[in-house]
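Chain residues, written in single-letter form:
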Amino acid sequence: METENDISVLVVEDDQYISNFICMSLKQKGYQFIKTTTAMEAMSLFYANNPDVVILDLGLPDMDGIEVIEQIRKKSDRPIIVVSARQEESEKIKALDLGADDYVVKPFHMGELLARIRVAVRKSERGLDTNQQFICDYLTIDFSKRLVFIEGKEIHVTPIEYKLLKLFIANRGKVLTHNYIQHQIWGYGEEDPNSLRVFMATLRRKIEKDTTNPRFIITEVGVGYRFSEE
């Protein structure tokens, strides 16, 4: 596993105060970093340096950061963490649907951003080995046999529920939007998200000890769901 000294971060932020704050904090933690204030230079630096993580503002002077996400995703699956003053759910959903791995709203605590970077790096390093078991607390999944266990006891899950679990575990720590989940599971986005909520409710009843305080699948209100990293 890489250490902070091995990890490079591209910081794309036109506010010099925020950019300097982020870069100073990255330096203190031992990360390597490069920075820019424009979208065009960001894409050039990305292709030239292949950074491990991108921290991206959306309100850039020459181009909307959304377009940067689209361009990077045509070539790479490197983690992109959006840091933006835009608080509207529609903006978050759009960025996440287009391929951003996380979305942090300004103002933010640097400790939170550093934690999001660590999560993004872990996710990009591991992938999902379908020949192995996944074990997290009292949940165990044997991918080779397509079996799910709670506290060592096998439970029955439907094919859709199993596909949902695989999707969440492959992307654990990342917020998955309703549209993204529906496209991955059914091949299209449903206009009515209620059917997805029904599947999520039944899956939670099977794997969560307390559905009002879920251990594994966390709701991101108005956006989607994420599988807990803890």
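Refer to the structure above for everything that follows.
Residues numbered from 1 in each chain as written. Predicted model: local features only at pLDDT ≥ 70, side-chain atom pairs only at ≥ 80, totals over all residues. Heavy atoms only, no water.

What the chain contains, in helices and strands, is eight helices and 12 strands. Taking 17 Å as the expected radius of gyration for a compact globule of 230 residues, we find that the chain reaches 19 Å, a close match to that expectation. Dimensions of the chain, computed from C-alpha atoms along their principal axes, come out at roughly 55 × 40 × 30 Å. Counting all 230 residues of the chain, 47% fall into the buried class. Within the chain, counting contacts between residues at least 6 apart in sequence, those at least 24 apart form 57% of the total. Separation of charge centres in the chain, based on 30 positive and 36 negative side chains, amounts to 4 Å. (Helix = DSSP H or I, 4+ residues; strand = E, 2+ residues; numbered from the N terminus. Rg over C-alpha atoms; globule rule 2.2 N^0.38 Å. Buried < 20%, exposed > 50% of the residue type's maximum accessible area, 1.4 Å probe, protein only. Contact = heavy atoms within 4.5 Å. Lys, Arg positive; Asp, Glu negative; His and termini not counted. Charge placed at Lys NZ, Arg CZ, Asp CG, Glu CD.)

L139, I141, L164, F168, I181, I207 and I217 are the most contacted members of the largest nonpolar core, which has 28 residues in total. Put simply, the parts of the chain that give this core at least two residues each are β6 (133–136), β7 (139–142), β8 (147–150), α6 (159–170), α7 (178–186), α8 (194–207) and β12 (224–227). Counting residues per element, this core draws most heavily on α6, at seven residues. Counting residues in hydrophobic clusters, the runner-up holds 24 residues, among them V68, A100, V175 and V223. (Core = buried A, V, L, I, M, F, W, Y, C linked by side-chain atoms within 4.5 Å.)

Our focus in this paragraph is the pattern of salt bridges. Evaluated as defined, the whole model comprises 13 salt bridges. Note that K106 is salt-bridged to E13, the shortest N-O span being 2.8 Å. Linking K106 in the loop between β5 (102–105) and α5 (110–126) with E13 in the loop between β1 (8–12) and α1 (16–28), this pair joins segments that are 93 residues apart in sequence. Taking relative accessible area as the criterion, K106 reaches 14% and is therefore assigned buried. Of the charged contacts in the structure, one is a salt bridge between D101 and K174, with a shortest N-O distance of 3.9 Å. You can see D101 sitting in the loop between α4 (89–97) and β5 and its partner K174 sitting in the loop between α6 and β10 (176–177), a full 73 residues away along the chain. Each member of the pair D101 and K174 is classed as buried. What emerges from the salt-bridge pattern is a single network uniting E13, D57 and K106. (Salt bridge = Lys/Arg side-chain N within 4 Å of Asp/Glu carboxyl O.)

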